[in-house]
Amino acid sequence: MLDLEARAHSEHAHELRLWLRLLTCSQLIEKRVRTGLREHFDTTLPRFDLMAQLERHPEGLKMKELSHRLMVTGGNVTGITDQLVNEGLVERLNVDGDRRVFRVRLTERGRVSFADMARQHEQWIVEAFEGLSPRDLDNLHRLLGKVKQHQIQLNQNVDPDA
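Thresholds, definitions, all that
- Residues numbered from 1 in each chain as written.
- Predicted model: local features only at pLDDT ≥ 70, side-chain atom pairs only at ≥ 80, totals over all residues.
- Heavy atoms only, no water.
- 1 Å grid on protein atoms, 1.4 Å probe; cavity = no way out; pocket = protein on both sides within 12 Å on 5 of 7 lines; lining within 4 Å.
- Points joined across faces, edges and corners; volume = space filled by probe spheres on them.
- Helix = DSSP H or I, 4+ residues; strand = E, 2+ residues; numbered from the N terminus.
- Pairing = 2+ DSSP bridges.
- Buried < 20%, exposed > 50% of the residue type's maximum accessible area, 1.4 Å probe, protein only.
- Expected span 1.5 Å × (residues − 1).
- Arc of directions from axis to C-beta.
- Contact = heavy atoms within 4.5 Å.
- Salt bridge = Lys/Arg side-chain N within 4 Å of Asp/Glu carboxyl O.

Asks: When you look at the layout of surface pockets in this model, what are you seeing that I'm missing?
Replies: By rolling a water-sized probe across the atoms, one finds the places where empty space is left. A volume near 690 Å³ is recorded for the largest pocket. Lining of the largest pocket is provided by 20 residues; of these, Leu22, Cys25, Ser26, Leu140 and Leu144 occupy positions nearest its centre. Only helix H1 (14-41), helix H5 (108-128) and helix H6 (134-158) provide two or more residues apiece to the lining of the largest pocket. Of the residues forming the lining of the largest pocket, the biggest block, nine residues, is contributed by H1.

What follows is the structure, given as structure tokens:
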């Protein structure tokens, strides 16, 4: 099976080959995480991501806020939330003054469950980078930070509201 990086050839720009390598690394790590979540916790990455957002906001988030933070449609968030409510991992709370809107937050059971998943998730990510020395990790983090800052500037030039 060919990965994205295999699509590039030596005549392609070095930047393109680097981009494809970054994508390939990201996809390989994500595959490990998805498989691990499914095998160890019988859950999915989207469910984990939703719970992670709620863990960061103990007071809960409105569905629209969750949708925005997860960069998915409201329908996707509703489906995942319904599953998690049925399992007792999250709860819906009414919002004063608006009967159409509610807040979603982790239940105690959800907090315990997420904490277990988060510990294992962190371990999978640490393992993904075990082939690098502390110095390599620092350099990679610094260099990717430069790429990120440059891209933010480019995006602002294209769309000042971004």
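Asks: Would you mind going over the sheet that holds strand S3 (residues 98-106) with me for this structure?
Replies: Strand order in the open sheet made by the three strands is S1-S3-S2, with antiparallel pairing throughout. Strand pairing shows two members of the sheet lacking a second neighbour, strand S1 (61-62) and strand S2 (90-95), which therefore form its edges.

Asks: It is not clear to me how unusual backbone geometry should be interpreted in this structure. Could you clarify?
Replies: Generally, phi is negative for residues other than glycine and the peptide bonds are trans, each holding for most cases. One non-glycine residue, Asp42, adopts positive backbone phi at about 50 degrees. With respect to the secondary-structure elements, Asp42 resides in the loop between H1 and helix H2 (45-56). Assessed through its relative accessible area of 66%, Asp42 is described here as exposed. Phi at Met71 is positive, roughly 60 degrees, even though this residue is not glycine. Along the chain, Met71 turns up in the loop between helix H3 (63-70) and helix H4 (74-86).

Asks: For this particular structure, what's the right way to read H5?
Replies: Working note: α-helix, 3.6 residues per turn, so residues spaced by three or four point in the same direction. Taking 1.5 Å per residue, 21 residues should reach 30 Å; H5 reaches 30 Å between its end C-alpha atoms and fits that length. For H5, every residue scored as buried is listed here: Gly110, Phe114, Met117 and Trp124. Along the axis of H5, the buried residues cluster in a sector spanning 80 degrees; they form a single face. Structural note: H5 exposes Glu108, Arg119 and Glu122 on the side pointing more than 90 degrees away from its buried face. On its buried side, H5 packs onto H1, H2 and S3.

Asks: I would appreciate a short explanation of the pattern of salt bridges in the present structure.
Replies: Pairs can form between side chains of opposite charge once their charged atoms are near each other. Within the structure shown, the criterion is met by eight salt bridges. For the salt bridge of Glu127 with Arg32, the shortest nitrogen-to-oxygen distance reads 3.1 Å. Linking Glu127 in helix H5 with Arg32 in helix H1, this pair joins segments that are 95 residues apart in sequence. Arg105 is paired through a salt bridge with Glu91; the nearest N and O atoms lie 2.7 Å apart. Of this pair, Arg105 sits in strand S3 while Glu91 sits in strand S2, and the two are 14 residues apart along the sequence.

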